[in-house]
Amino acid sequence: LKLHGAIPAAVLAPSLPQARIVGQAVTVRNVEREEDAWACAEAGIGKMAEHEAYNLADPGDVVVIEGLTGVSNMGGQSATVARRAQCAGAVIDGSFRDPGASRELGFPIWAKGVTPITGKWRLQTVEINGPVRISGVVVQAGDLVAADEAGVVFIPYEQAERVLAEAERIDAGDARQKADIAAGIDLATLAATKYK
């Protein structure tokens, strides 16, 4: 279908390898703060606002954050609030903190890595439910997000029915091929048969 939306787990690794989620994106865009982190901490002024995404989320939505690597874009308390809002999980183009907290909650996160460094004084949220770029893929609020141990796929909302129909066609071909393999069909016949 000429859509670019798949990101492998080698880039965005799952925190819970067995997790599988499908939901619509609620987007957050974080950028690096210009002010010195120490000065921000001393002043006590945080500018992260991902909690607003949880306020806007419907049950089953997926929090999708364009952020920074090396500092946290979501910590344990934030994951707890997201779970309370019944979000299905999070996809973060960046890092997150407190992996044990999200694991205990059963709240799956796909991210570039884990960090002990808070983003509270280092990041600022500049947009909620606007377009974000996740590992080169542009994601709009409301787009479909599917993620499992293999990686993450973003599907533009207006393309969802076409993608589903194509996925069902491919899956039916795979099922026929698996049945032929199980039935002992010879390799030459398997190679010559068009399954998809």
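Everything numeric in this text was worked out from a predicted model, so none of it was measured. (Residues numbered from 1 in each chain as written. Predicted model: local features only at pLDDT ≥ 70, side-chain atom pairs only at ≥ 80, totals over all residues. Heavy atoms only, no water.)

I tried to follow the pairing of strand 10 (residues 144-148) on my own but got confused; where do I start?
On any regular strand, side chains alternate: one points to one face of the sheet, the next to the other face. Burial of the side chains of strand 10 is restricted to one face: Val 145 and Ala 147 are buried, whereas none of Leu 144, Ala 146 and Asp 148 on the reverse face is. Examined bridge by bridge, strand 3 (residues 21-32) and strand 10 share 4 bridges and lie antiparallel to one another. Bridge pairing in strand 10 links Gln 24 to Leu 144. Looking at chain direction, strand 10 and strand 11 (residues 151-155) are connected through 5 bridges and run antiparallel. What sits directly across from Asp 148, in strand 11, is Gly 151. (Buried < 20%, exposed > 50% of the residue type's maximum accessible area, 1.4 Å probe, protein only. Helix = DSSP H or I, 4+ residues; strand = E, 2+ residues; numbered from the N terminus. Pairing = 2+ DSSP bridges.)

Help me out: how do you make sense of unusual backbone geometry in this one?
For residues other than glycine, phi is negative in most cases, and the peptide bonds are mostly trans. In this structure, Asp 98 takes a positive phi of about 55° despite not being glycine. On the secondary structure map, Asp 98 appears in the loop between strand 5 (89-96) and helix 4 (99-105). One non-glycine residue with positive phi stands out, namely Ser 135, at about 50°. Here Ser 135 shows up in the loop between strand 8 (132-134) and strand 9 (137-139).

Mind showing me how you'd approach the nonpolar core here?
Soluble globular proteins tend to bury their nonpolar side chains together. In this structure, Val 64, Val 91, Ile 134 and Phe 154 are the most contacted members of the largest nonpolar core, which totals 19 residues. Ignoring anything within four residues of it in the chain, the contact list for Val 91 reads Leu 12, Val 62, Val 63, Val 64, Ile 65, Trp 110, Ile 134, Val 145, Val 152 and Phe 154. One finds Tyr 54, Ala 90, Ile 92 and Phe 107 within the second-largest nonpolar core, a separate group that totals 17 residues. (Core = buried A, V, L, I, M, F, W, Y, C linked by side-chain atoms within 4.5 Å. Contact = heavy atoms within 4.5 Å.)

I tried to follow the side chain of Ser 102 on my own but got confused; where do I start?
Here Ser 102 shows up in helix 4. According to the relative accessible area criterion, Ser 102 is buried, its value standing at 1%. Residues within four places of Ser 102 in sequence aside, it is in contact with Ala 79, Phe 96, Phe 107 and Ile 109.

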